Protein chains: 2
Amino acid sequence: MESTAYTKRLLTYRLSLSHLKEVGLTDVFSYLIAGETGISAALVRKDLAQLKVKGKRRGGYEIDVILDAINNYFGDNTINRVVLAGMGNIGRAIVNYKNFENRRIKIVAAFDLDPAKQRKKYDVPVYPMEKCPDIVDKYRVNVAVIAVPAFSAQTVCDRLIQCGIRGIMNFAPVNLKVPDHVYISNVRLCDELQQVIYHSTKTNQ
Amino acid sequence: MESTAYTKRLLTYRLSLSHLKEVGLTDVFSYLIAGETGISAALVRKDLAQLKVKGKRRGGYEIDVILDAINNYFGDNTINRVVLAGMGNIGRAIVNYKNFENRRIKIVAAFDLDPAKQRKKYDVPVYPMEKCPDIVDKYRVNVAVIAVPAFSAQTVCDRLIQCGIRGIMNFAPVNLKVPDHVYISNVRLCDELQQVIYHSTKTNQ
DNA sequence: GGTATATTGTGACAATTTTCACAATTTAAA
DNA sequence: TTTAAATTGTGAAAATTGTCACAATATACC
Ligand SMILES: NC(=O)c1ccc[n+]([C@@H]2O[C@H](COP(=O)([O-])OP(=O)(O)OC[C@H]3O[C@@H](n4cnc5c(N)ncnc54)[C@H](O)[C@@H]3O)[C@@H](O)[C@H]2O)c1
Ligand SMILES: NC(=O)c1ccc[n+]([C@@H]2O[C@H](COP(=O)([O-])OP(=O)(O)OC[C@H]3O[C@@H](n4cnc5c(N)ncnc54)[C@H](O)[C@@H]3O)[C@@H](O)[C@H]2O)c1
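Residues numbered from 1 in each chain as written. Chains lettered and ligands numbered in written order. Predicted model: local features only at pLDDT ≥ 70, side-chain atom pairs only at ≥ 80, totals over all residues. Heavy atoms only, no water.

Asker: Explain the overall build of chain A here, please?
Answerer: Each helix and strand in chain A was counted, giving nine helices and eight strands. Its C-alpha atoms give chain A principal-axis dimensions of roughly 60 × 50 × 35 Å. Here chain A holds 205 residues, and 51% of them are scored as buried. Charge centroids of chain A, computed over 29 positive and 20 negative side chains, lie 1 Å from each other. (Helix = DSSP H or I, 4+ residues; strand = E, 2+ residues; numbered from the N terminus. Buried < 20%, exposed > 50% of the residue type's maximum accessible area, 1.4 Å probe, protein only. Lys, Arg positive; Asp, Glu negative; His and termini not counted. Charge placed at Lys NZ, Arg CZ, Asp CG, Glu CD.)

Listed below in structure tokens is the structure:
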């Protein structure tokens, strides 16, 4: 029903509103959010209406009410457990990242085929891929991050899905094939950077 | 004129086509690209038409012709120099990443305020931020990656723009304010993961 | 050479998304 | 208490994006 564009906008609102709140505001007008996010004021209002957040005519919206609604929308009241495949450069960055906790996201385990990485102490335990079924089952994990090299991404992906994973954030530059019930988000850092390069050289001058 | 959705699809095609080429194919049909990328065959054909790539009725498209057209579209004939701000977890991953070279992208320098990082040997030299004007000027850099903590992102951003940067890939969870002529791409890893969690728990069962 | 078949290329259409514009309503001020 | 000003909420219009369906045409096969 809700488009992913909508979902994405909600997260953008949350970011700006958290910031405005830290700065000391308690209420906002739609045009203020618009200025902060680059999303038009009318669309902000439509989104808030869809979220069932009510504003006061002439008084604006309460930041906390919006934030609660967004957090509630994303089900931040439960802890979301995630596993990681590939404890390389990207994998380590993810595992070291402290901010996931604020979102109630917890990386419970990582998998890597390199035995050296399994022995080393990171913020999360590193297992061989064979442990995947056990771990996913034990912690009731739904979501995985794939940060293995491109050539093994599909294999790892298949395996994760076999263990019951239903959502994947994928860093490997491949178009993974997955069954319908699995949601995939591809983070294409190369493509992203290439787009920036493209658009910044096309811009005036 | 061209939407960013279109530009993004081109990069998706490139990924799949490179793969199909490696596998030994030389020609493709629109429905093959569709199957590989999840983009509908009709839209693939429209995109290729817009790219001015001609297919043969009943014969399909030549992979190399498409790849050349896409590469040409993105101006891959020149080397694109990029600087990085923030040599932390993400910054190191970016700098270590070998694949950028294939896209003719070169990270020429990094900036970090930590003197320890400046002394250490990485694949690219690390300078204090003060060196920014010199470096950007010397290497004629247009594009930057921001991988500093959120609270210093806006400052770093302003500084980069002052030095002449016109495109930014930003990892910090803030809505940066930039002048119109600067193109920004926000890589919101937290949001991305949150969306995966959201969509994967909403999917049937 | 003729016919059947497969695939492109595209105009018309459908759906979705966003903007526009303004009535409804609240608040502040006079 | 009245009036003026500000802002939401939302239907209608516009814009954008993608799908459908099929004519055009190239190829393969008989
Ligand atoms: N680093 C970047 O900036 C960057 C940018 C764009 C894309 N990527 C992509 O992200 C992915 C990860 O990149 P990286 O730089 O962290 O790579 P990396 O080589 O540093 O790490 C990969 C890790 O995966 C492990 N691994 C390999 N095969 C495995 C398997 N079958 N099962 C489990 N673990 C396995 C390796 O032992 C290694 O620890 C790659 O696909 C890369 O193309 C990375
Ligand atoms: N690591 C992740 O998985 C992850 C996920 C989502 C978002 N992010 C965001 O990406 C950014 C980088 O994350 P990270 O994990 O690499 O952080 P990090 O703390 O590992 O690295 C930040 C680096 O920036 C440097 N720095 C700080 N202030 C600076 C300044 N003013 N000028 C120049 N350099 C400065 C620090 O010395 C450090 O080396 C952060 O904004 C973070 O919120 C990271």
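Asker: Hey, could you run me through the protein's contact with DNA strand D in this one?
Answerer: If you check the shell around DNA strand D, you find 22 residues, and the closest are Arg58(A), Tyr61(A), Ser40(B), Lys46(B) and Arg58(B). Within 4 Å of the protein, the atoms of DNA strand D are drawn from sugar and phosphate moieties in a proportion of 58%. Tyr31(A) places a polar side-chain atom, nitrogen or oxygen, 3.2 Å from a phosphate oxygen of DNA strand D. In this structure, Gly55(A) approaches DNA strand D through a main-chain N or O atom, which is 2.9 Å from a phosphate oxygen. Counting only elements with at least two residues in the surface near DNA strand D, the list comes to helix 2 (30-37) and helix 3 (41-50) of chain A together with helix 3 (41-50) of chain B. Looking at the surface near DNA strand D, the element that brings in the most residues is helix 3 of chain B, giving four residues. Along the lines of polarity and charge, the residues of the surface near DNA strand D split into five nonpolar, five polar and 12 charged. (Near = heavy atom within 4 Å. Polar contact = N/O pair within 3.5 Å; in protein donor to acceptor, adjacent residues only side chain to side chain. Nonpolar A, V, L, I, M, F, W, Y, C, P; charged D, E, K, R; others polar.)

Purely spatial values, then, with no claim about function.
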